[in-house]
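# Examining the three-dimensional arrangement
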Amino acid sequence: MLRRIDGLTWTATAALAVGWFWLDALVATFGPVHHAAHFYDFPLVIQDPKWLITGLGGAHGAGTLLFGLLCVAAIAAPLLPRLGYRRAAWLSASAPLLLMLLCSILLYVRASSVHIESATLGRVGDYLARLANGTVTWAGDVVARHIAIGAGGYLAFLASLWLTLRGTFGARESAVPKRI
C-alpha cells in the first residue's frame, strides 16, 4: 500500500541532505586557521584523524564516493516504508541515525586509541612508550578543545532523530488495527 509522504518528512530528509553534503559536520579552529569536514569526509577523518586538523594526507577518492553513495541510500531509507516497502520499517527509518552513530563511535575509537605499542620494546622501551602515549594523549586533549561539531552535524542529527521517531511510531500506528 502506497502512503503519501508528508511535508515534515520531506523537510527532514532535505535537512539531512543539507547537513551531510553542504554544511560542515566537524570544525577545527586554531586561531586564524579554520578547517572543516563534511559528513561525507568521515572515511578520511576516521582513517587518519589528524586530517581534520591539517587537511593534508588524504584525498577524496573512491572511498569518499562510495561513502557518499551510502549516505544517499541512508537518506532515502526512511522514505521506503511510505513507498510500500514495509519490511523492517523502523530499521529503515533509523538508518541515517545509525550511520551517524556508527561513524561517531569509529572516529572516537580511532582517535583515542594507543599510538605506540610497547609489547616488544623491553623495560626501557615500555617506559618510553608510556611516556610518548601520555604526551600524545595530552596533546590530543589540547587539540580536542579546538574541534567542534558544525551546523551540519547538529542539523543532520536533529533531522535523523525526527525521521527515526516518526518512522518508529508511524510503523507502530500502522501495525495496530483500528477499532470500528
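Residues numbered from 1 in each chain as written. Predicted model: local features only at pLDDT ≥ 70, side-chain atom pairs only at ≥ 80, totals over all residues. Heavy atoms only, no water.

## What about the environment of Leu23?
The topology assignment puts Leu23 in the loop between helix H1 (7-21) and strand S1 (26-30). Leu23 sits 133 residues away from Ala156 along the chain, and the two C-alpha atoms are 9.4 Å apart. Those residues in contact with Leu23 that lie beyond four places of it in its chain are Val18, His38, Ala151, Gly152 and Leu155. (Helix = DSSP H or I, 4+ residues; strand = E, 2+ residues; numbered from the N terminus. Contact = heavy atoms within 4.5 Å.)

## Digging into the confidence of the model for the chain
Low-pLDDT portions of the prediction should not be read for the details of their coordinates. Counting all residues, the mean pLDDT for the chain is 81, and 78% of those residues have values of 70 or more. The lowest-confidence element of the chain is helix H7 (residues 122-144), averaging 72 in pLDDT; the highest-confidence one is H1, averaging 94. (pLDDT = per-residue confidence, 0-100.)

## Some points on the sheet that holds strand S3 (residues 147-149)
Two pairing modes exist for strands in a sheet, parallel and antiparallel, and in both the strands are linked by backbone hydrogen bonds. On the basis of which strands lie adjacent, the open sheet formed by three strands has the order S2-S1-S3 and antiparallel pairing. Here the strands that pair on one side only, and so sit at the sheet edges, are strand S2 (33-37) and S3. Taking each pair of neighbouring strands and ignoring which way they run, the sheet shows an average axis angle of 20 degrees. Pairing between S1 and S2: five bridges, direction antiparallel. Paired with Phe30 across the bridge in S2 is Val33. (Pairing = 2+ DSSP bridges. Axes fitted to C-alpha atoms, helices over the stretch in contact; angles between N-to-C directions.)

## Considerations on the packing of helix H4 (residues 62-76) against helix H6 (residues 95-111)
Axis separation between H4 and H6 bottoms out at 8 Å; the angle between their running directions is 145 degrees. From H4, Phe67, Leu70, Cys71 and Ala74 reach across to H6, where they touch Ala95, Pro96, Leu99 and Cys103. Across the contact of H4 with H6, the residue classes break down as eight nonpolar, no polar and no charged. (Nonpolar A, V, L, I, M, F, W, Y, C, P; charged D, E, K, R; others polar.)

## A short note on the pairing of S1
Linkage of S1 to S2, two consecutive antiparallel strands, is achieved through a turn of two residues, within which Gly31 is found at a positive phi near 65 degrees. In terms of strand pairing, S1 meets S3 through three bridges, oriented antiparallel. Across the sheet, residue Val27 finds its bridge partner in S3, namely Ala148.

## Observations concerning the packing of aromatic side chains
Summed over the entire model, instances satisfying the criterion amount to five aromatic pairs. Measuring from centroid to centroid gives 6.3 Å for Phe21 and Trp22, while their planes differ by 70 degrees, and the two rings are edge-to-face. With a relative accessible area of 23%, Phe21 lands in the partly exposed category. (Phe/Tyr/Trp six-rings, centres within 6.5 Å; stacked < 30°, edge-to-face > 60°. Buried < 20%, exposed > 50% of the residue type's maximum accessible area, 1.4 Å probe, protein only.)

## Digging into the side chain of Thr13
With respect to the helices and strands, the residue Thr13 is situated in helix H1. Not counting chain neighbours up to four residues away, the residues in contact with Thr13 comprise Ile75, Leu79 and Leu163.

## Describing the environment of Leu66
As for its position among the elements, Leu66 is in helix H4. For Leu66, a relative accessible area of 57% corresponds to the exposed category. Residues Leu66 and Tyr40 lie 26 residues apart in sequence; the distance between their C-alpha atoms is 9.4 Å.

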